[in-house]
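Structural description and commentary
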Amino acid sequence: MNQINVADAADQLAEDGEMETELMREVSFSLQVMRFEPGDEDQMHAHAEEEIYIINTGEATLVTEDESVEVAPGDVVHLGSGTDHQFTDFNDEFAVTVVYAPAEGSQAV
């Protein structure tokens, strides 16, 4: 069994001045915690893997090539592989758990 605490991971990111950390990796999936503050930039990008975002703290806008949605704690969003996306409009600390399936970087872009 693997167990993490997202709040602790986000606090460590803040302390280290980092925006993301990978906390679990298997062949079938990987899990990251990402943390943004107002003024941070998340560039438009895509991953070859499926992504599931679980919003932990804060609010932001998730922008894809087709739409924009406001996200807040408790929201879960699925993005299909190859979907261009970015988070914008961080009003406060924004922490999100990301699950990639299969593991991030394991598929060709």
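Use the structure listed above.
So, a few notes on the structure that sits alongside this text. The structure displayed is predicted, hence computed values, not measured ones. (Residues numbered from 1 in each chain as written. Predicted model: local features only at pLDDT ≥ 70, side-chain atom pairs only at ≥ 80, totals over all residues. Heavy atoms only, no water.)

So, on to the overall build of the protein. Assigned secondary structure in the protein consists of 1 helix and 8 strands. Listing the helices and strands of the protein from first to last along the sequence gives α-β-β-β-β-β-β-β-β. Its C-alpha atoms give the protein a radius of gyration of 13 Å, near enough to 13 Å, the size a compact globule of 109 residues would have. The proportion of buried residues among the 109 residues of the protein is 36%. When contacts within the protein are restricted to residue pairs at least 6 apart in sequence, those whose partners lie at least 24 apart make up 66%. Split by element, the accessible area of the protein, about 6100 Å² in all, is 45% carbon and sulfur. (Helix = DSSP H or I, 4+ residues; strand = E, 2+ residues; numbered from the N terminus. Rg over C-alpha atoms; globule rule 2.2 N^0.38 Å. Buried < 20%, exposed > 50% of the residue type's maximum accessible area, 1.4 Å probe, protein only. Contact = heavy atoms within 4.5 Å. Areas by Shrake-Rupley, 256 points an atom, 1.4 Å probe, with all protein chains shown as cover.)

Counting residues in hydrophobic clusters, the biggest one holds 15 residues, and the most contacted among them are Tyr53, Ile55, Val71, Phe87, Phe94 and Val96. With 4 residues, strand S8 (residues 94-101) is the largest single contributor of residues to this core. Contacts of isoleucine 55, omitting those with residues within four sequence positions, involve Val71, Ala72, Pro73, Gly74, Asp75, Phe87, Phe94, Ala95 and Val96. (Core = buried A, V, L, I, M, F, W, Y, C linked by side-chain atoms within 4.5 Å.)

What follows deals with the packing of aromatic side chains. This model, assessed by the stated rule, comprises 6 aromatic pairs. Relative to phenylalanine 90, the ring of phenylalanine 36 has its centre 4.6 Å away and its plane inclined at 5 degrees; by these criteria the two rings are stacked. Taken together, the residues span a long stretch of sequence, with phenylalanine 36 in strand S2 (residues 30-36) and phenylalanine 90 in the loop between strand S7 (85-88) and S8 at a distance of 54 residues. According to the relative accessible area criterion, phenylalanine 36 is buried, its value standing at 3%. The interplanar angle of 50 degrees and the centroid separation of 5.1 Å between the aromatic rings of phenylalanine 87 and phenylalanine 94 together place this pair among those described as tilted. (Phe/Tyr/Trp six-rings, centres within 6.5 Å; stacked < 30°, edge-to-face > 60°.)

This brings us to unusual backbone geometry. With an omega of -10 degrees, the peptide bond running from alanine 101 to proline 102 counts as cis. Position of proline 102 relative to the elements: it lies in the segment after S8. Of note, aspartate 89 is a non-glycine position whose phi angle comes to about 60 degrees, a positive value.

Bringing the sheet that holds S8 into the picture now. Strand order in the open sheet formed by 5 strands is S1-S2-S8-S3-S6, and the pairing between neighbours is antiparallel. Two strands close off the open sheet at either side, each with one partner strand: strand S1 (20-25) and strand S6 (76-79). The average angle at which neighbouring strand axes cross in this sheet is 20 degrees, direction not considered. Here strand S3 (residues 50-57) pairs with S8 via 7 bridges, running antiparallel. Bridge assignment links tyrosine 53 to a residue of S8, and that residue is valine 98. (Pairing = 2+ DSSP bridges. Axes fitted to C-alpha atoms, helices over the stretch in contact; angles between N-to-C directions.)

Moving on to a nonpolar patch on the surface. A surface patch of nonpolar side chains, about 230 Å² in accessible area, is lined by Ile52, Ile54 and Val76. With a relative accessible area of 55%, valine 76 lands in the exposed category. (Patch = residues over 30% accessible without salt bridge, like charges linked within 9 Å, V, L, I, M, F, W, Y side chains within 5 Å. Salt bridge = Lys/Arg side-chain N within 4 Å of Asp/Glu carboxyl O.)

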